[in-house]
Amino acid sequence: MIQHIDIKDLKRITEVIHSKHGYDFRNYAMSSFKRRVLRILDVGNLTIEGLISKLSQPSAFIDEFLDEMTVNVTEMFRDPGFWRLLREEIIPSIQLNNKQFKIWHAGCSSGEEVISMNILLKEMGIMNNVKIFATDLDPSILERGRTACYSLKNMETNEKNYIRFQGKGSLKDYYKEQGGVAVINRDLLSNVTFQKHDLVLGAGLGKFDLILCRNVMIYFNQALQNEVVKKFHADLNKYAYLAIGAKESMIWCDYANRFIVVNQEEKVFKKIKD
Ligand SMILES: C[S@@+](CC[C@H](N)C(=O)[O-])C[C@H]1O[C@@H](n2cnc3c(N)ncnc32)[C@H](O)[C@@H]1O
């Protein structure tokens with residue numbers, strides 16, 4: 001059933017989610033929010049009133065809704081040039097000042113970037129010097145990250161990316177095939193804390209030397225991107241790095257001038273002013 005949905009309906013939906021469940025989608029980019037809501041209506045065979053009524057009740061439906069609402073697409077070593085830049089420039093530069101350091105994967109989805117980071121660090125021989133925080137709004141996707149079992153089909157794409165990243169071995173060195181899935185070696189998660197965290201309403205998580213928030217802010221409107229970049233600024237040590245998605249930008253953000261561009265193509269920035 002194709003339904004018409006206008007901005008007032010979307011506002012009512014975001015308001016009920018905010019007031020009943022404490023998630024704030026009011027400043028998400030409305031075009032993609034609308035597409036996801038239409039999908040939820042279609043898949044659940046719901047009307048707008050039916051959806052609002054379901055969202056008004058305290059039930060597990062909100063977790064299902066969050067999972068459908070958020071775009072969780074991710075890959076290991078997506079944008080291999082970015083990962084080469086991390087290995088050849090960014091991580092060595094962090095290491096000059098701090099032998100032990102902290103990385104935050106904000107909006108980590110099912111954890112593929114976290115695994116990529118630990119493979120990179122392991123191949124550099126420094127994985128045990130680094131603490132990783134991996135956070136996401138969506139509890140179901142975070143659970144997939146904790147489990148770290150991925151479809152073998154996805155591993156083919158991941159392996160292609162790893163080859164372009166010019167890793168030291170084969171991605172197969174880091175997982176076992178078991179029951180038709182790729183089970184990542186547990187030692188690759190030994191320094192990782194997975195935690196549910198909302199970038200919009202959540203408090204800071206401490207100070208980091210590198211924050212990766214790739215392909216997350218693309219779903220926010222500019223005002224919200226501005227607020228989130230301010231939070232990242234506060235959560236970064238001076239001269240620490242922020243990486244956003246290749247298609248994202250910070251140029252309209254109030255705090256853009258407190259960073260310098262380290263690499264425009266890979267969208268890596270360095271905090272230079274408090
Ligand atoms: C497209 S994935 C990006 C995954 C990974 N960073 C990458 O680039 O491959 C976007 C993730 O952002 C998460 N997300 C959306 N809104 C969020 C919020 N307010 N706080 C934290 N995570 C959020 C979604 O749940 C989703 O897992």
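Residues numbered from 1 in each chain as written. Predicted model: local features only at pLDDT ≥ 70, side-chain atom pairs only at ≥ 80, totals over all residues.

All right, on to unusual backbone geometry then. Residues other than glycine seldom take positive phi values, yet Asn45 does so here, at roughly 50°. With respect to the helices and strands, Asn45 occurs in the loop between helix H2 (30-43) and helix H3 (48-56). The backbone phi angle of Lys267 is positive, close to 55°, even though this residue is not glycine. Among the secondary structure elements, Lys267 is positioned in the loop between strand E9 (259-263) and strand E10 (268-271). When the 20 C-beta atoms within 10 Å are taken as the criterion, Lys267 is described as buried. (Helix = DSSP H or I, 4+ residues; strand = E, 2+ residues; numbered from the N terminus. Buried ≥ 20, exposed ≤ 12 C-beta atoms within 10 Å, placed from the backbone.)

Packing of H2 against helix H4 (residues 61-69) brings their axes to within 9 Å, and their N-to-C directions diverge by 130°. By the angle between their directions, the pair H2 and H4 is classed as oblique. In this structure, H2 crosses over H4, and the sense of that crossing is right-handed. Contacts between H2 and H4 involve Arg36, Arg39 and Ile40 on the former and, on the latter, Phe65, Glu68 and Met69. Residue classes in the contact of H2 with H4 are distributed as 3 nonpolar, no polar and 3 charged. (Axes fitted to C-alpha atoms, helices over the stretch in contact; angles between N-to-C directions. Parallel < 35°, antiparallel > 145°, perpendicular 65-115°, else oblique. Left-handed = near helix turned anticlockwise from the far one by under 90°. Contact = placed C-beta atoms within 7 Å. Nonpolar A, V, L, I, M, F, W, Y, C, P; charged D, E, K, R; others polar.)

Close contacts around the ligand come from 22 residues, with Thr70, Thr74, Gly107, Ser109 and Leu199 the closest. Its residues assigned to classes, the shell around the ligand shows 9 nonpolar, 7 polar and 6 charged. (Near = placed C-beta within 6 Å.)

Split into domains, the protein chain comes out as domain 1 (7-69) and domain 2 (80-271). In this structure, domain 1 and domain 2 have C-alpha centres spaced 28 Å apart. Each side of the interface is counted separately: domain 1 has 9 residues, and domain 2 has 13 residues. When residues in the side of domain 1 that touches domain 2 are grouped by element, the largest group, 3 residues, is from H4. Across the side of domain 1 that touches domain 2, the residue classes tally to 4 nonpolar, 2 polar and 3 charged. (Domains from an automatic or database assignment.)

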